[in-house]
Amino acid sequence: MAPYEGQCHCGATAWTVEIPEEKHILCHCGACKILGGGEFTLNQIIPKSNFHLTKGDLKVYSYKGDSGNSVDCYMCPNCAASPYHHQQVMGPNTIVVRTGLLKGSEKWGKPAAEIYDKFRPSWLPQTGDASFELTPPS
Ligand SMILES: [Zn+2]
Ligand SMILES: [Zn+2]
């Protein structure tokens, strides 16, 4: 399992992640747009034990997700870059890591799936191998 490194913009925090599969899930949801400052984010669901904070401390920002459960976003207290978030609906041992912040992940192929496609802007073509209006059926 390849270890990948990431760090925030200001350099106060850094992390490594063991990535089971070199794949992005592209998300167009409203929270990702506002928190990420762009039209989408790149993510992967991984076991929490695969994430290792190697420098600094992260602060938590929580909001209610579509399920009504809390989504806890972990971010640098200085520059607000966010390496991962924890959707409580997924249970305590699973997190969603921002694969776009991992060094070298730009060399991975196109996203395996695109979610919240309903909110994709009309000028942006579909890029995922699979595409879902909201989320895949679970
Ligand atoms: Zn920072
Ligand atoms: Zn999203």
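Here the structure is a predicted model, which is why all the values come from computation and not from measurement.

Draft legend 1. Region of the structure containing the pairing of strand β6 (residues 59-64). Taking burial as the measure, the 6 residues of β6 include 0 buried ones, a minor fraction of the element. With 6 bridges connecting them, β6 and strand β7 (residues 70-75) associate as antiparallel partners. Residue Lys64 lies in a different strand from β7, and its bridge partner there is Ser70. Hairpin connection from β6 to β7: 5 residues lie between these consecutive antiparallel strands, with Gly68 at a positive phi of about 90 degrees.

Draft legend 2. Representation of the nonpolar core within the structure. Counting 10 residues, the largest nonpolar core consists of Trp15, Val17, Ile46, Cys73, Tyr74, Tyr84, Ile95, Val97, Leu101 and Leu102. Elements that contribute at least two residues to this core include exactly β2 (14-19), β7 and β9 (94-98). For Tyr74, the residues in contact, after removing those within four places along its chain, are Leu58, Val60, Ser82, Pro83, Tyr84 and His85. Ranked by size, the runner-up nonpolar core spans 8 residues in total, among them Leu26, Cys27, Cys32 and Phe40.

Draft legend 3. Representation of the sheet that holds β6 in the model. Spatial ordering of the open sheet is given by β6-β7-β8-β9-β4-β3-β10-β11, a layout of 8 strands whose pairing is mixed. Of all the strands in the sheet, just β6 and β11 (130-131) have a single pairing partner and so form its edges. Inspection of the sheet shows strand β3 (residues 25-27) paired to strand β4 (residues 41-47) by 3 bridges, in the antiparallel sense. The residue of β4 that forms the bridge with Cys27 is Thr41.

Draft legend 4. Representation of unusual backbone geometry. One non-glycine residue, Ala80, lies in positive phi territory at about 75 degrees. With respect to the helices, strands and loops of the structure, Ala80 is situated in the loop between β7 and β8 (84-87). Even without a glycine there, the phi angle at Tyr116 is positive, about 55 degrees. Using a count of 21 C-beta atoms within 10 Å as the deciding quantity, one classes Tyr116 as buried.

Draft legend 5. Focus on the sheet that holds β2. Sheet architecture is open: 3 strands sit in the order β1-β2-β5, paired in antiparallel fashion. Looking at the sheet topology across the chains shown, the edges are occupied by β1 (2-7) and β5 (51-55). Direction aside, the axes of adjacent strands within the sheet are offset by 25 degrees on average. Across 6 bridges, β1 lies against β2 in antiparallel orientation. Residue pairing across strands places Pro3 opposite Glu18, the latter belonging to β2.

Draft legend 6. Representation of the environment of Ser70 in the model. Residue position: Ser70 is located in strand β7. Ser70 gets classed as partly exposed once you count the C-beta atoms within 10 Å, which come to 14. Separated by 13 residues in the primary sequence, Ser70 and Asp57 have C-alpha atoms spaced 21 Å apart. Apart from residues lying up to four places away in sequence, Ser70 is in contact with Ser62, Lys64 and Gln88.

Conventions and cut-offs
Residues numbered from 1 in each chain as written. Chains lettered and ligands numbered in written order. Predicted model: local features only at pLDDT ≥ 70, side-chain atom pairs only at ≥ 80, totals over all residues. Buried ≥ 20, exposed ≤ 12 C-beta atoms within 10 Å, placed from the backbone. Helix = DSSP H or I, 4+ residues; strand = E, 2+ residues; numbered from the N terminus. Pairing = 2+ DSSP bridges. Core = buried A, V, L, I, M, F, W, Y, C linked by C-beta atoms within 7 Å. Contact = placed C-beta atoms within 7 Å. Axes fitted to C-alpha atoms, helices over the stretch in contact; angles between N-to-C directions.

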